[in-house]
2 protein chains.
Amino acid sequence: MKFKAKSLNLSAGRPVAIMHLDAARALGVHVDDRVQVTAGKIKIIAIVDTILSGFFKEDEIALSEEVMQELDIKTGDVVDADPVPLRQSAHYIFEKLSGMELTEKKIFAIIEDIVDNALAESEIAYFISAMYTHGMSSEEIAFLTKAMVKTGTRLFLKKKIIADKHSIGGIPNNRTTPIIVSICATAGLTMPKTSSRAITSAAGTADVIEIISPVEFSIAKMKKIVYKTGGCIVWGGALGLAPSDDKIIQVERLIYLDPEAQLIASILAKKLAVGSTHILLDIPYGESAKVDKKEAVKLSKKFKKVAKILKLNIQTILTDGKQPIGNGIGPLFELRDVLSILKREKNAPKDLEQKSVMLAGKLLEMTGKCKKGEGEKIAMQILNSGQALKKFKEIISAQGGNINRINKLRPKFFHHILADKNGKVSSIQNKKIAALARRAGAPADKTAGIYLYKHLSNILKKGEKILTIYSETKDKLKEAVDFYKFVKPIEY
Amino acid sequence: MKFKAKSLNLSAGRPVAIMHLDAARALGVHVDDRVQVTAGKIKIIAIVDTILSGFFKEDEIALSEEVMQELDIKTGDVVDADPVPLRQSAHYIFEKLSGMELTEKKIFAIIEDIVDNALAESEIAYFISAMYTHGMSSEEIAFLTKAMVKTGTRLFLKKKIIADKHSIGGIPNNRTTPIIVSICATAGLTMPKTSSRAITSAAGTADVIEIISPVEFSIAKMKKIVYKTGGCIVWGGALGLAPSDDKIIQVERLIYLDPEAQLIASILAKKLAVGSTHILLDIPYGESAKVDKKEAVKLSKKFKKVAKILKLNIQTILTDGKQPIGNGIGPLFELRDVLSILKREKNAPKDLEQKSVMLAGKLLEMTGKCKKGEGEKIAMQILNSGQALKKFKEIISAQGGNINRINKLRPKFFHHILADKNGKVSSIQNKKIAALARRAGAPADKTAGIYLYKHLSNILKKGEKILTIYSETKDKLKEAVDFYKFVKPIEY
């Protein structure tokens with residue numbers, strides 16, 4: 001059907017076509033359906049919104065800037081808009097939802113259509129449901145991973161060995177990445193590390209590093225940083241690596257679904273996209289962690305099976321996830337913990353230090369940078385020598401940051417939580433601690449969060465500080481304190 | 001968060017709030033998420049769209065007319081917009097997707113939130129997937145039906161017996177409704193019949209009747225028509241009956257899913273909403289029908305179980321669905337078949353006549369309008385007497401139509417398909433026939449479609465006409481003819 005194009009004068013972050021309801025009916029399309037808009041030889045798929053009344057006519061179509069630019073047209077130009085015929089990929093999703101195993105070709109078609117906006121969010125939800133209810137074989141997950149990589153941008157580095165360390169998450173703080181990257185890059189490893197922002201946690205590594213440095217880069221700029229320093233700590237979301245994964249996660253988030261197949265493919269795709277050859281995977285388990293021990297063992301096996309198909313060298317390590325690792329929770333406090341370790345300060349959290357050194361050591365062994373059994377010792381030497389701190393500064397500086405920026409931030413309001421009886425800490429609930437820090441304002445408020453004075457098995461005397469809650473506003477502080485009293489995240 | 005409201009100057013058919021991407025990030029909401037917009041004491045849930053650049057600022061929020069009116073505000077007024085906290089209903093959907101059985105309260109919460117726009121299309125897709133993969137118990141389906149009815153508008157007629165006939169569909173033409181309503185209303189039954197438009201077929205009853213009469217009415221107007229004539233044949237979609245069902249169907253449509261639970265609840269809810277007490281359900285079965293014999297038996301049992309819980313008098317009838325019923329396929333040609341039967345013309349299709357009379361007879365028996373075993377005879381008498389035609393004209397006239405409008409329509413282009421050998425018709429594929437009529441332009445093009453000269457077991461001589469394809473444009477005709485050659489819907 002022919003329409004007169006009209007610029008919406010706005011960029012919606014996705015291609016949008018607004019048409020009169022009567023025109024949509026004539027085309028047989030509904031809100032959120034897809035139409036193919038054609039001008040000359042250029043075609044683009046746009047998402048339909050309809051209008052009942054208002055400022056336009058039946059033969060007009062209002063297009064977002066993305067569409068106008070892609071089609072190279074201006075207001076008044078004539079375009080064709082037609083319903084996108086039923087995608088084969090929608091049928092493949094139906095097949096998976098009915099319990100069939102999908103071929104590489106079919107999985108690729110689904111992922112390609114997700115990236116091209118040819119599948120609606122609802123169709124993506126069907127795909128997620130199918131993965132959730134029927135699971136996926138290792139082969140299917142490998143195909144999914146490959147499809148995610150192929151349909152995104154990639155980083156190509158001229159290096160034989162590219163290392164990565166990843167944690168499946170769920171443990172507050174646990175901010176090992178900056179320390180591991182600094183140690184390993186000092187030892188000569190290449191670590192183009194991409195990190196995430198918080199989804200349900202109090203902070204992601206990207207939220208933490210952002211305090212002292214930009215974290216959003218192009219692939220070209222990231223490449224320069226890595227060639228210069230051996231590593232980087234950037235936000236993965238800005239790079240366009242495995243963009244289908246970002247869209248899938250956005251739909252998963254709605255009902256907190258996280259099917260195993262998608263979890264594995266999501267992690268491996270982002271590693272493959274930056275060329276990783278060696279991956280160390282941290283799987284923390286425990287009562288309030290993402291997985292319990294049995295699930296951790298199962299997940300580890302599945303990761304290894306998929307990695308084998310993908311010819312990736314992977315090692316998994318099951319770690320204690322019973323409680324937060326480190327003392328600070330929230331961007332500023334987690335960064336303080338990291339810096340105190342790199343600077344070899346006395347009050348630096350030992351648990352976070354030990355875990356970081358242990359993981360860095362494993363990675364050095366895996367990649368042949370040292371003999372088996374010597375990794376941890378060498379990692380510790382690098383940390384103690386001050387070279388890791390130097391490397392960290394070098395990376396932050398290459399990213400256009402400066403570690404002294406941390407000094408500009410000061411927490412505003414705080415409230416100490418004191419023990420109301422003598423006791424021994426018997427439980428610290430990870431999810432409740434994360435939720436508490438979020439109530440206080442983290443991660444959006446960089447100085448909001450928690451400082452934990454006690455860990456499991458520590459003795460508490462009546463009147464002693466258990467933790468301090470920090471907020472940027474009095475309201476949020478009050479809300480967080482009330483929340484603490486309500487959910488009681490720590491038992492003793 | 002506070003925003004300055006700005007009218008979008010358009011009605012989107014659903015509440016929409018457009019905000020700057022940075023504001024959305026600060027709120028932690030994404031495109032298609034829901035925000036609660038508050039002005040004074042009035043709250044409304046709106047669907048988020050974001051803008052990267054363009055005509056507005058971070059502290060502005062552009063609202064569709066629906067939202068401006070509901071909140072009773074004008075451009076420049078200050079509103080609060082906050083993320084809608086995770087709905088309990090989303091958690092219930094998660095439970096169902098994990099295989100749990102849902103309570104009446106939980107199902108009601110889901111359906112209520114669907115109607116209130118508090119659940120996104122993707123969340124509805126999760127719900128559909130859950131019904132599809134885990135099925136629903138008869139109790140759950142009854143709860144679903146009740147929830148759908150309660151959250152919509154209803155028709156209350158002061159009648160003890162209200163009758164309905166419904167076919168689960170899948171058979172081209174099969175246009176029994178206008179004939180049955182005309183016969184039964186003549187016999188004194190009350191039949192407030194709501195019909196659908198085509199989704200995947202060549203025509204729905206509403207598409208057919210629309211040729212000679214308006215089919216979109218308010219509940220009040222529908223009531224008047226039924227009180228006056230005893231029946232009506234209107235489009236159900238305009239009435240606001242079970243609006244959750246319409247939304248669910250819109251999301252199902254995307255990948256042609258049709259879970260049994262939703263199919264049953266959808267049908268029963270629309271009957272309950274108009275007050276039906278007696279329902280006759282036609283379940284055509286066959287190789288290219290919606291269900292095979294085994295599935296038809298299963299479906300029939302399930303319908304009866306659910307109806308029993310809902311205290312509905314239901315009878316199911318399994319009919320032969322091996323081939324189209326009637327000769328014409330497409331709005332105009334199906335209406336011609338119906339009128340030829342009502343007018344007692346010699347060339348009227350016998351199969352459609354017999355089926356309509358048989359079903360009308362059953363309904364007369366079910367509702368006590370005649371003795372068991374006599375329904376069909378009485379229905380035939382009413383048809384032969386010309387009273388059914390008179391009643392049909394009366395209903396169409398009460399709806400503001402006129403059966404003579406059919407004469408204004410003439411098919412434009414046609415192409416005869418001739419037998420290329422002698423033979424006996426061994427197969428007529430329903431789905432392919434429907435797809436063929438749609439290629440020709442049905443149902444949007446009212447005069448597009450097919451005329452079938454032969455049915456199963458008929459003898460064909462080389463050069464004899466099998467069917468004629470009609471189109472409103474030469475292009476569509478050519479496309480349909482090519483499609484015919486490609487899919488070969490008829491074997492002989």
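Residues numbered from 1 in each chain as written. Chains lettered and ligands numbered in written order. Predicted model: local features only at pLDDT ≥ 70, side-chain atom pairs only at ≥ 80, totals over all residues. Heavy atoms only, no water.

A.B. asks: Would you mind showing me how to read the pairing of strand 3 (residues 16-20) of chain A here?
C.D. replies: A regular strand places its side chains so that they alternate between the two faces of the sheet. Residues and elements named next belong to chain A. For strand 3, the tally of buried residues reaches five of five residues, placing the bulk of the element in the interior. Relative to strand 5 (residues 42-51), strand 3 is paired through five bridges, and the arrangement is parallel. Note on strand 5: the bridge partner recorded for alanine 17 is valine 48. (Buried < 20%, exposed > 50% of the residue type's maximum accessible area, 1.4 Å probe, protein only. Helix = DSSP H or I, 4+ residues; strand = E, 2+ residues; numbered from the N terminus. Pairing = 2+ DSSP bridges.)

A.B. asks: For this particular structure, what's the right way to read the packing of helix 14 (residues 350-366) of chain A against helix 15 (residues 375-384) of chain A?
C.D. replies: Between two packed helices, what matters for the description is the angle formed by their axes and the separation of those axes. All names here are of chain A. The N-to-C vectors of helix 14 and helix 15 enclose an angle of 120°; their axes lie 7 Å apart at closest approach. Relative to helix 15, the element helix 14 lies oblique. Here the hand of the crossing between helix 14 and helix 15 comes out right-handed. Residue-level contacts link Glu353, Val357, Met358, Ala360, Gly361, Leu364 and Glu365 of helix 14 to Gly375, Glu376, Ile378, Ala379, Met380 and Leu383 of helix 15. Tallied by class, residues from the contact of helix 14 with helix 15 come to eight nonpolar, two polar and three charged. (Axes fitted to C-alpha atoms, helices over the stretch in contact; angles between N-to-C directions. Parallel < 35°, antiparallel > 145°, perpendicular 65-115°, else oblique. Left-handed = near helix turned anticlockwise from the far one by under 90°. Contact = heavy atoms within 4.5 Å. Nonpolar A, V, L, I, M, F, W, Y, C, P; charged D, E, K, R; others polar.)

A.B. asks: I'm lost on helix 9 (residues 219-229) of chain A in this one. Help?
C.D. replies: Quick reminder: α-helices carry 3.6 residues per turn. Residues three or four places apart thus point the same way. Residue and element names in this part refer to chain A. For helix 9, every residue scored as buried is listed here: Ile219, Met222, Ile225, Val226 and Thr229. For helix 9, the buried positions fall inside an angular range of 120° around the axis, keeping them on one side. Those residues of helix 9 that are exposed and aimed more than 90 degrees away from the buried face are Ala220, Lys224 and Lys228. Contacts made by the buried residues of helix 9 are with helix 7 (177-186), strand 10 (191-195), strand 11 (231-235) and helix 16 (387-398). Remark: glycine 230 follows helix 9 within two positions and exhibits a positive phi of approximately 90°. (Arc of directions from axis to C-beta.)

A.B. asks: Before we go on, may I ask you to explain the state of the cysteines in this structure?
C.D. replies: Two cysteines, two sulfur atoms, one covalent bond between them: this is a disulfide. The full count for this structure, using the stated rule, is zero disulfides over all chains. Looking at A:Cys184, it has no disulfide partner, and the nearest cysteine sulfur is the one in A:Cys370, 9.5 Å off. Here B:Cys232 stays free of any disulfide, with the sulfur of B:Cys184 as its closest cysteine sulfur at 13 Å. (Disulfide = S-S within 2.5 Å.)

A.B. asks: Looking at this model, I keep getting lost on the relation of the copies chain B and chain A. Mind explaining?
C.D. replies: Both copies of the chain are tied together by a single rotation about an axis and a shift running along it. Between the two copies, chain B and chain A, the superposition gives an RMSD of 0.2 Å; the rotation angle is 178° and the shift along the axis is 0.2 Å. When the rotation and shift are considered jointly, the pair of chain copies conforms to a two-fold rotation axis. Using C-alpha coordinates, one finds that chain B approaches the rotation axis most closely at B:Ser122, a distance of 1.9 Å. A share of 98% of the interface residues of chain B reappears at the interface of chain A, consistent with the copies meeting face to face through the same patch. (Least-squares fit on C-alpha atoms with pLDDT ≥ 70 in both.)

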